[in-house]
Amino acid sequence: MSAVRLAEQRGEVIDIARRMTSDRLVVGTSGNVSVRSGDLVAVTPSGVEYEELRPVDVPLVDLRGELVEGELKPTSELPMHLAAYTAHDAGAVVHTHSLHATALSLLRDEVPAVHYQLADYGGPVRVADYATFGTDALADSVSEALRDRTGCILRNHGTVTIGATLTKAYNRARQLEWLCELWLTAARLGDPALLPDDEIDRCATLFGGYGQSVR
């Protein structure tokens with residue numbers, strides 16, 4: 001049997017997709033994951049249970065979205081992933097349907113500065129305007145919300161986070177869900193105290209000093 005092309009990257013896509021389910025960031029086959037290697041992208045297929053996937057089942061596409069290898073159709077959200085790679089130099093993309101982030105998107109236009117961890121996203125995390133899933137309109141909306149950021153929320157939909165690696169992008173997805181849950185929890189009891197913009201900027205500088213990359 002011949003070796004599976006980009007087997008490590010395709011296996012990582014499966015691992016992160018399964019973690020999304022176990023961490024309750026998605027239900028069933030919702031959400032999707034991708035990672036870039038050169039001019040190729042390994043991305044979750046459409047409508048297949050993640051527990052059933054093998055590396056060979058993960059489609060490989062080029063940066064134009066053309067299928068290069070694989071029998072299964074890539075996720076319908078492929079335009080959104082490609083926009084993150086071509087316009088924002090992402091190394092990996094994680095798209096969730098997480099509960100608290102989606103709930104916040106119904107109420108706010110950005111994530112309030114309830115915690116300094118927002119600095120890891122480059123500033124206030126924006127809520128992208130709603131557009132139908134899988135459309136170029138949604139890809140454009142997400143791309144605008146990701147400008148100078150490493151994550152955004154999709155109104156009435158979910159989240160997108162990017163990073164140099166899939167682990168980094170996934171950790172941002174988990175952290176973003178926590179930030180939204182924090183605000184929603186506090187807002188139920190009163191008017192949450194927020195950090196000023198200059199403190200978020202200061203923390204972003206400190207993060208850089210710890211050897212971490214904003215991307």
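Cut-offs applied
Residues numbered from 1 in each chain as written. Predicted model: local features only at pLDDT ≥ 70, side-chain atom pairs only at ≥ 80, totals over all residues. Heavy atoms only, no water. Pairing = 2+ DSSP bridges. Helix = DSSP H or I, 4+ residues; strand = E, 2+ residues; numbered from the N terminus. UniProt positions renumbered as here; feature names shortened; annotations may be inferred. Salt bridge = Lys/Arg side-chain N within 4 Å of Asp/Glu carboxyl O. Buried < 20%, exposed > 50% of the residue type's maximum accessible area, 1.4 Å probe, protein only. Core = buried A, V, L, I, M, F, W, Y, C linked by side-chain atoms within 4.5 Å. Contact = heavy atoms within 4.5 Å. Axes fitted to C-alpha atoms, helices over the stretch in contact; angles between N-to-C directions. Parallel < 35°, antiparallel > 145°, perpendicular 65-115°, else oblique. Nonpolar A, V, L, I, M, F, W, Y, C, P; charged D, E, K, R; others polar. Left-handed = near helix turned anticlockwise from the far one by under 90°.

*Asks:* How do you make sense of the sheet that holds strand E3 (residues 60-62) when you look at a structure like this?
*Replies:* Sheets are built from strands paired through backbone hydrogen bonds, the pairs being either parallel or antiparallel. Ordered by their spatial adjacency, eight strands build an open sheet running E4-E3-E2-E1-E5-E8-E7-E6, and the pairing between neighbours is mixed. Looking at strand neighbours, the two that pair on one side only are strand E4 (67-69) and strand E6 (127-128), the edges of this open sheet. Both strand E5 (residues 92-96) and strand E8 (residues 158-163) contribute to a ladder of five bridges, which runs antiparallel. Bridge pairing in E8 links Val93 to Ile162.

*Asks:* Any chance you could explain the UniProt feature "domain: Class II aldolase/adducin N-terminal" (unreviewed entry) in the protein chain here in plain terms?
*Replies:* The UniProt record marks residues 11-184 with the feature "domain: Class II aldolase/adducin N-terminal" (unreviewed entry), using the residue numbering of this structure. As annotated, residues 11-184 comprises 34% helix and 19% strand, and the C-alpha atoms at either end are separated by 35 Å.

*Asks:* So what exactly am I meant to see when it comes to the pattern of salt bridges here?
*Replies:* A side chain with one charge may pair with a side chain of the opposite charge, provided their charged atoms come close. Across all of its chains, the model carries twelve salt bridges by this definition. A salt bridge links Glu69 to Arg5; the nearest nitrogen and oxygen atoms lie 4.0 Å apart. Taken together, the residues Glu69 in strand E4 and Arg5 in the segment before helix H1 (7-22) connect sequence positions 64 residues apart. Here Arg202 ties to Glu199 by a salt bridge, and the two come within 2.3 Å at their closest N and O atoms. One end of the pair is Arg202 and the other is Glu199, both in helix H6 (residues 197-209) and three residues apart, which spans about a single turn. With relative accessibility at 45%, the residue Arg202 sits in the partly exposed group. Each of the salt bridges in this network shares a partner with another, and the network as a whole consists of Arg5, Arg10 and Glu69.

*Asks:* In this structure, what is going on with the pairing of strand E2 (residues 40-43)? I would like to understand it.
*Replies:* Residue alternation in E2 divides its side chains into two sets, Leu40 and Ala42 and Val41 and Val43, and both sets are buried. Of the strand pairs in this sheet, strand E1 (residues 32-37) and E2 are connected by four bridges, and their pairing is antiparallel. Bridged to Ser34 within E2 is Val43. Linking E1 back to E2 in an antiparallel pair, the connection comprises two residues, with Gly38 at a positive phi of about 65 degrees. Pairing of E2 with E3 involves three bridges; the strand directions are antiparallel. What sits directly across from Val41, in E3, is Val61.

*Asks:* Explanation requested: the nonpolar core in the structure shown.
*Replies:* The nonpolar side chains of a soluble globular protein tend to be buried with one another. Counting 21 residues, the largest nonpolar core has Val13, Met20, Val33, Val94 and Leu166 as its most contacted members. Ranked by the residues each element gives to this core, the list is headed by H1, at five residues. Each residue touching Val33, except ones within four places of it in the same chain, is listed here: Val13, Ile16, Ala17, Met20, Ala42, Val43, Thr44, His81, Val93 and Leu166. With 20 residues, the next largest nonpolar core counts Val43, Tyr85, Ala90 and Val142 among its residues.

*Asks:* Explain the packing of H1 against helix H5 (residues 166-187) to me, please; I cannot follow it from the model alone.
*Replies:* For any two helices packed against each other, one specifies the crossing angle of their axes together with the interaxial distance. At a minimum axis separation of 11 Å, H1 and H5 run at an interaxial angle of 10 degrees. Accordingly, the angle class assigned to the pair H1 and H5 is roughly parallel. Contacts from Glu12, Val13, Ile16, Arg19 and Met20 in H1 reach Leu166, Thr167, Tyr170 and Arg174 in H5. For the contact of H1 with H5, the per-class residue count stands at five nonpolar, one polar and three charged.

*Asks:* Help me understand the packing of helix H2 (residues 78-88) against helix H4 (residues 136-145) in this model?
*Replies:* In contact at an axis separation of 8 Å, H2 and H4 are set at 40 degrees when each is read in the N-to-C sense. Relative to H4, the element H2 lies oblique. In this structure, H2 crosses over H4, and the sense of that crossing is right-handed. When H2 is examined against H4, the residues Pro79, Met80, Ala83, Ala87 and His88 are found in contact with a partner set consisting of Asp136, Leu138, Ala139, Val142 and Ser143. The residue makeup of the contact of H2 with H4, split by class, is seven nonpolar, two polar and one charged.

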